[in-house]
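# Geometric and topological summary
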Amino acid sequence: MPQSIRTAPQSIRTTPPSTLAVPQSIRVSQQSIRERRNQSELRPNRSEARSDQSSAPLSIRAAAWSIRGAPQSFKTRRCAAPSVGGMTLRGKTALVTGGSRGIGRAIVERLAADGARVVFTYHTGKDAAAEIMSCVPGTVAVQADQADLETLDAMFEPLDDGLDILVNNAAVSSQIPIADITEAEFDRVLTINTKFPLMVIRRAAPLLRSGGRIINVSTLNTVVPGPGLALYCASKAALEQVTAVAARELGPRGITVNSVSPGATDTPMFRAANPPAVAAQMAAITALQRVGTPDDVASVVAFLAGPDSGWLTGGNLRATGGLIV
Ligand SMILES: NC(=O)c1ccc[n+]([C@@H]2O[C@H](COP(=O)([O-])OP(=O)(O)OC[C@H]3O[C@@H](n4cnc5c(N)ncnc54)[C@H](OP(=O)(O)O)[C@@H]3O)[C@@H](O)[C@H]2O)c1
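Conventions and cut-offs
- Residues numbered from 1 in each chain as written.
- Predicted model: local features only at pLDDT ≥ 70, side-chain atom pairs only at ≥ 80, totals over all residues.
- Helix = DSSP H or I, 4+ residues; strand = E, 2+ residues; numbered from the N terminus.
- Buried ≥ 20, exposed ≤ 12 C-beta atoms within 10 Å, placed from the backbone.
- Contact = placed C-beta atoms within 7 Å.
- Near = placed C-beta within 6 Å.
- Nonpolar A, V, L, I, M, F, W, Y, C, P; charged D, E, K, R; others polar.
- Expected span 1.5 Å × (residues − 1).
- Core = buried A, V, L, I, M, F, W, Y, C linked by C-beta atoms within 7 Å.
- Pairing = 2+ DSSP bridges.
- Axes fitted to C-alpha atoms, helices over the stretch in contact; angles between N-to-C directions.
- Parallel < 35°, antiparallel > 145°, perpendicular 65-115°, else oblique.
- Left-handed = near helix turned anticlockwise from the far one by under 90°.

Our focus in this paragraph is the overall build of the protein chain. The helix and strand inventory of the protein chain stands at eleven helices and eleven strands. Counting the 325 residues in the protein chain, one finds 43% classified as buried. Long-range pairs, those at least 24 residues apart, make up 75% of the contacts in the protein chain with a sequence separation of at least 6.

Let's shift gears to the site of the ligand. Near the ligand there are 30 residues, and of these G98, G102, G125, A171 and M269 occur at the shortest range. Of all the elements in the fold, those that place two or more residues in the shell around the ligand are helix 4 (102–113), strand 6 (117–122) and helix 9 (268–273). Looking at side-chain class alone, the shell around the ligand contains 15 nonpolar, 13 polar and two charged residues.

The end-to-end C-alpha separation of helix 11 (residues 294–305) is 16 Å, in line with the 16 Å expected for twelve residues at 1.5 Å each. Of all twelve residues that make up helix 11, nine are buried, and the element is covered over most of its length. At its buried positions, helix 11 is contacted by strand 5 (93–96), helix 4, strand 8 (163–168), strand 9 (208–217), strand 10 (256–262) and strand 11 (316–319).

Quick look at the nonpolar core now. By size, the foremost hydrophobic cluster in this structure holds 61 residues, and its most contacted members are L111 and V301. Once residues within four sequence positions are removed from consideration, L111 is found in contact with L89, A94, V96, A116, V118, I165, A302 and A305. Core analysis: the second largest hydrophobic core is formed by eleven residues, A264, A273, A280 and A283 among them.

Here we have seven strands laid out as an open sheet, ordered 7-6-5-8-9-10-11, and parallel in their pairing. Of all the strands in the sheet, the pair left with one neighbour each is strand 7 (139–143) and strand 11. Recorded for the sheet is a direction-independent mean angle of 20 degrees between the axes of neighbouring strands. In this structure, strand 9 lies alongside strand 10, joined through five bridges in parallel fashion. Following the sheet pairing, N216 is matched in strand 10 by S259. In this fold helix 5 (residues 126–135) packs onto strand 6 and strand 7, with an angle of close to 165 degrees to the strand it touches most, strand 7. Set on the sheet, helix 11 makes contact with strand 5, strand 8, strand 9, strand 10 and strand 11; between it and strand 10 the angle comes to about 170 degrees.

One non-glycine residue, Q289, lies in the positive phi region at around 60 degrees. By the C-beta count within 10 Å, which is 13 here, Q289 ends up partly exposed.

Compared with the 30 Å implied by 1.5 Å per residue over 21 residues, the 30 Å span of helix 8 (residues 230–250) between its first and last C-alpha is a close match. Inspection of helix 8 places L231, Y232, C233, S235, K236, L239, V242, T243 and A246 among the buried residues, and these make up the whole buried set. On its buried side, helix 8 packs onto helix 7 (183–204), strand 9 and strand 10.

Axis separation between helix 4 and helix 11 bottoms out at 8 Å; the angle between their running directions is 50 degrees. In terms of orientation, helix 4 lies oblique with respect to helix 11. When the axes of helix 4 and helix 11 are compared, the crossing they make is right-handed. Side by side, helix 4 and helix 11 meet where G102, I103, R105, A106, I107, R110 and L111 of the first sit next to P294, D295, V297, A298, S299, V301, A302 and A305 of the second.

With that out of the way, let us pick up the pairing of strand 8. By the criterion of burial, strand 8 is predominantly enclosed, with six of the six residues buried. Pairing geometry for strand 5 and strand 8, over three bridges, is parallel. Residue pairing across strands places V96 opposite V167, the latter belonging to strand 8. As paired strands, strand 8 and strand 9 are joined by five bridges and run parallel to one another. Residue pairing across strands places I165 opposite R213, the latter belonging to strand 9.

The subject of this paragraph is the packing of helix 7 against helix 8. Where helix 7 meets helix 8, the closest approach of the two axes is 9 Å, and the angle between their N-to-C directions is 15 degrees. If you check the angle between helix 7 and helix 8, you find them roughly parallel. The handedness of the crossing between helix 7 and helix 8 comes out as right-handed. Residue-level inspection shows E185, F186, V189, L190, N193, T194, P197, L198 and I201 of helix 7 in contact with helix 8, the latter providing L231, Y232, S235, K236, A238, L239, V242 and A246. For the contact of helix 7 with helix 8, the class distribution of residues is twelve nonpolar, three polar and two charged.

Shown next, in the form of structure tokens:
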């Protein structure tokens, strides 16, 4: 049932992107943000999971799987190919960072559905990565910690034959007032969100074939900043600048470089930062009257990865459903 939001809690008025001005007394359906993924889940056999504690790429290990019901969570992302997608990426190889959940997972599934072979990274989501590999043909998972540049090498081991599409998606959020920012936090956020993706581009560039694509996932917060988001906004704004420069540098080789800026998108990162009432308010101020899904963003990434985006480079597509227009 539609519910009426009349009085926002204090925290809502002071937190971005939750901080976007939201008219009080907005009638808004919260149904879209309450939707959950289906209840079934693939998980590794417990004994197999216990016996294999190594951090080696999952691609080189066999796993036994069992299907069981699971409580609703973001681990329960369906194990099925997206209903959209053609074979526009047949014969292409893609590298997607942070493919174990959220937007990254949707990108992995979509690019694979479009025919690409997809190498993706995970950080802590070993089970989720294994699940994706088990049910999305043509995917290979590699562990990486973007706080540690030494993990870069492992990402490229499965890419000896070259690369067509790079999606820099993995990132961390950070909500700290400037007064409380430490050097260590600055280094952590800027390393994970900016330095590592830049080094991935540097490493990937020689491997990228003509017609190649680089897509960096930024955020609408670079144009809608708010208190507490200095490091997050700075890290993503820098990535947008890297995008523009890389477009200039790689254009002569026929490689396009663009960024995608999602708006409010229903993922673990989003839910951790935004209680349901805030999500409802964001839906209310969005032109399409709902929060985005990971698949919404993956569709935009797939367009940029595909053959129809060849004349777009150095740009930034806002995948927001009209959160700002
Ligand atoms: N959700 C939104 O509303 C929204 C809005 C604007 C922009 N974005 C951007 O969209 C992208 C994806 O966001 P999301 O909401 O899908 O985030 P998410 O649900 O938190 O997923 C983050 C992904 O990044 C990986 N990751 C996190 N820390 C890492 C590290 N230190 N090293 C390597 N990988 C790491 C995670 O791996 P594990 O799970 O395996 O640890 C996971 O696969 C990010 O760039 C984010 O800034 C999101």
